[in-house]
Amino acid sequence: MSSSINENADDRLSTLPEEVVALILSLMPTKFAVRTSSLSKSWRHRWTLVTNLDFDDIHKVHGFDVLSKFVDRVLEFCQTPHVKLFRLKFSDRYYWYRMSSVSSWIDKAVRLNVQELDIHVILAQLPASLFTCKTLTKLSIDCGIRNGLVWRCLCSVNLPCLKTLDIAVFDKPHENAFKLIRGCPVLESLVLTVEWLADEENYIFIIPTLKRMKLTIVYCKPPFTNKVVLNVPNLEYLFVGGVLCSYFLTEDVSSLVGASFSFTHVRCDSMWVDILKGTNGVKSLSAQIGPIVYYEIPIDSPLPSFPNMTYLELKGFRNWRLIIPEFLESSPELKHLCIEKASMSKTDIESLWVEPKLVPACLLTNLTTIKFSKCEGRKCDVQFLKYMLGNAEVLKTVTIIWRRSLRFKQERRLSTQLLNVPRASRHCEINFIGKYSPYQNPLVK
């Protein structure tokens, strides 16, 4: 009985068109697709038409020699004229093996008209054919290490169809990364992880087609004199993270809608204000400091105005009580405010909330939601919440997420205290979320 069921199932699958079978097999790792060759004679060569070639060493049963021979055999018998995705994801335990094999595999993928390359493996060099691949639309390279043996761009670059580029460059980024970028005339999404060098030139991004950019600086050497120049008129979203060690010159970011910053170190205080000035036309701004940055970032010069910003998120700022008033005064259209407090020890000196001299315009006309995370119920926290509840006239929702270190009685006492605070908005609802059961209060009547 079971035998006939298996035969019927095999028959039904065998009647499917080859392109449908190839699509199904392409959805699984290549090692599993190849195993279908043992189902029956009719399935022996079906896997050779897969459009996705996905190799990994997750199940480390065999050594690199076995894995290498498997990849070689798959590429030898592959009959598809167009490979949609070619992915290599190997652990660094193969570092001292034949890195030339990786270059050879990538070259064969290029000859199969590959569209997407996803390389997560240590390699000494990329094949020259990759840099002139006419079919490539997406390229991702993650070597997983920071040393001089990672790839270099030694030849001319012409990637006419590449729209998405995700690379890490730790060796002469100005020579390698920017040479590669300049050869991508239709680039729309760029993820670049680099290591700044003291003797490098300015990092100039002139990419008319770029829509999304993520720049992460993992390390930089003094003196910090380099500038990042952005001439990206179609850029809609910008992320900058890691170490802030350069001044940003925004020549053209006229289409920018959202910006996110997440810094582990800030080398110069004025750099923080400088990058805000260059992106002040955004509608959405998210900024995070830490967890390595323990000091407060002073704002010696005033913040720029943010005439279009409707969403603001600040995380990890130890001097948030000073920064928030400035942002409120500079953002007349602000509708949504999210704050996540930095961790503070019991020995930290408690500071007071600094009220704006005048009630900011956004509190009178636009601010509808506030989310306050990791609230400890310190005097500064309560003063801030009282001010916002008492002055935000169109406020609809306030969500307070207590820090998990608070005890049940502390949560209850603070919640009761805040529920009794007079509210400028009759439609304001306060939600409390803590270590214990969440609860909320009804609208003010």
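Placed above this text is the structure.
Residues numbered from 1 in each chain as written. Predicted model: local features only at pLDDT ≥ 70, side-chain atom pairs only at ≥ 80, totals over all residues. Heavy atoms only, no water.

Considerations on the overall build of the protein chain
- Looking only at helices and strands, the protein chain features eleven helices and 19 strands.
- Residue burial in the protein chain is summarised as follows: out of 445 residues, 47% are buried.
- Taken as a whole, the protein chain presents about 21900 Å² of accessible surface, with 54% of it coming from carbon and sulfur. (Helix = DSSP H or I, 4+ residues; strand = E, 2+ residues; numbered from the N terminus. Buried < 20%, exposed > 50% of the residue type's maximum accessible area, 1.4 Å probe, protein only. Areas by Shrake-Rupley, 256 points an atom, 1.4 Å probe, with all protein chains shown as cover.)

Examining the pattern of salt bridges
- Tallying each qualifying case throughout the model produces nine salt bridges.
- Lys315 serves as the salt-bridge partner of Glu313, at 3.7 Å between the closest nitrogen and oxygen.
- Given the relative accessible area of 18%, Glu313 is considered buried.
- Sharing partners across several salt bridges, the network here consists of Lys341, Glu376, Arg378, Asp381 and Arg403. (Salt bridge = Lys/Arg side-chain N within 4 Å of Asp/Glu carboxyl O.)

Side note on the sheet that holds strand β9 (residues 227-231)
- The three strands are arranged β7-β9-β11 in an open sheet whose pairing can be described as parallel. Looking along the sheet, the strands with just one partner apiece sit at the ends: β7 (203-206) and β11 (247-252). The mean angle between the axes of side-by-side strands here comes to 10°, regardless of whether they run parallel or antiparallel.
- In this sheet, β9 lies alongside β7 in parallel orientation, the contact comprising four bridges. Bridge pairing links Tyr203 to Val228 in β9. (Pairing = 2+ DSSP bridges. Axes fitted to C-alpha atoms, helices over the stretch in contact; angles between N-to-C directions.)

Re the environment of Lys214
- Structurally, Lys214 can be placed in strand β8 (residues 212-220).
- When residues no more than four places from it in sequence are discounted, the contact partners of Lys214 are Leu190, Val191, Leu192 and Phe239. (Contact = heavy atoms within 4.5 Å.)

Examining the packing of helix α8 (residues 320-330) against helix α10 (residues 379-391)
- Put simply, α8 and α10 touch, their axes get as near as 11 Å, and they point 15° apart. Taken together, the axes of α8 and α10 are roughly parallel relative to one another. Here the hand of the crossing between α8 and α10 comes out right-handed. On the side of α8, the interface is formed by Trp320, Arg321, Ile324 and Leu328, while α10 contributes Cys380, Asp381, Phe384 and Met388.
- Grouping the amino acids of the contact of α8 with α10 by side-chain chemistry returns six nonpolar, no polar and two charged. (Parallel < 35°, antiparallel > 145°, perpendicular 65-115°, else oblique. Left-handed = near helix turned anticlockwise from the far one by under 90°. Nonpolar A, V, L, I, M, F, W, Y, C, P; charged D, E, K, R; others polar.)

Let's talk about the pairing of strand β4 (residues 138-141)
- In terms of strand pairing, strand β3 (residues 116-120) meets β4 through four bridges, oriented parallel. Across the sheet, residue Glu116 finds its bridge partner in β4, namely Lys138.

Notes on the state of the cysteines
- With the rule as written, the count across this model stands at zero disulfides.
- Distance from the sulfur of Cys380, which forms no disulfide, to the nearest cysteine sulfur (Cys375) is 9.7 Å. (Disulfide = S-S within 2.5 Å.)

Observations regarding the packing of aromatic side chains
- Scanning the model with the defined rule gives 14 aromatic pairs in all.
- Centroid distance Phe372 to Phe384: 5.4 Å. Interplanar angle 65°. Geometry classified as edge-to-face. Taken together, the residues Phe372 in strand β16 (residues 369-375) and Phe384 in helix α10 connect sequence positions twelve residues apart.
- When its relative accessible area of 0% is taken as the criterion, Phe384 is described as buried.
- Members of the aromatic cluster, each reached through a chain of ring pairs, are Trp320, Trp353, Phe372, Phe384 and Tyr387. (Phe/Tyr/Trp six-rings, centres within 6.5 Å; stacked < 30°, edge-to-face > 60°.)

So, the side chain of Ser425
- Tracing the backbone through its elements, the reader meets Ser425 in the loop between α11 (408-419) and β18 (429-433).
- Within the structure, Ser425 has its side chain in polar contact with the backbone oxygen of Leu395 (distance 2.6 Å).
- Residues within four places of Ser425 in sequence aside, it is in contact with Ala392, Glu393, Val394 and Leu395. (Polar contact = N/O pair within 3.5 Å; in protein donor to acceptor, adjacent residues only side chain to side chain.)

Notes on unusual backbone geometry
- For Asn113, which is not glycine, the phi torsion reads 60° and is therefore positive.
- Looking at the element boundaries, Asn113 is found in the loop between α5 (100-111) and β3.
- The class of Asn113 is partly exposed, set by a relative accessible area of 26%.
- Positive phi values are uncommon outside glycine, yet Lys374 reaches one of about 60°.
- Inspection of the secondary structure puts Lys374 in strand β16.

Remarks on the nonpolar core
- Ranked by size, the top nonpolar core spans 127 residues in total, and within it Phe86 and Phe205 carry the most contacts.
- The dominant element in this core, judged by the number of residues it contributes, is α10, at seven residues. (Core = buried A, V, L, I, M, F, W, Y, C linked by side-chain atoms within 4.5 Å.)

Some points on the environment of Leu385
- If you trace the backbone, Leu385 turns up in helix α10.
- It is 9.6 Å that separates the C-alpha atoms of Leu385 and Trp353, two residues lying 32 residues apart in sequence.
- Contact partners of Leu385, with chain neighbours within four places excluded, come to Phe372, Ile400 and Leu418.

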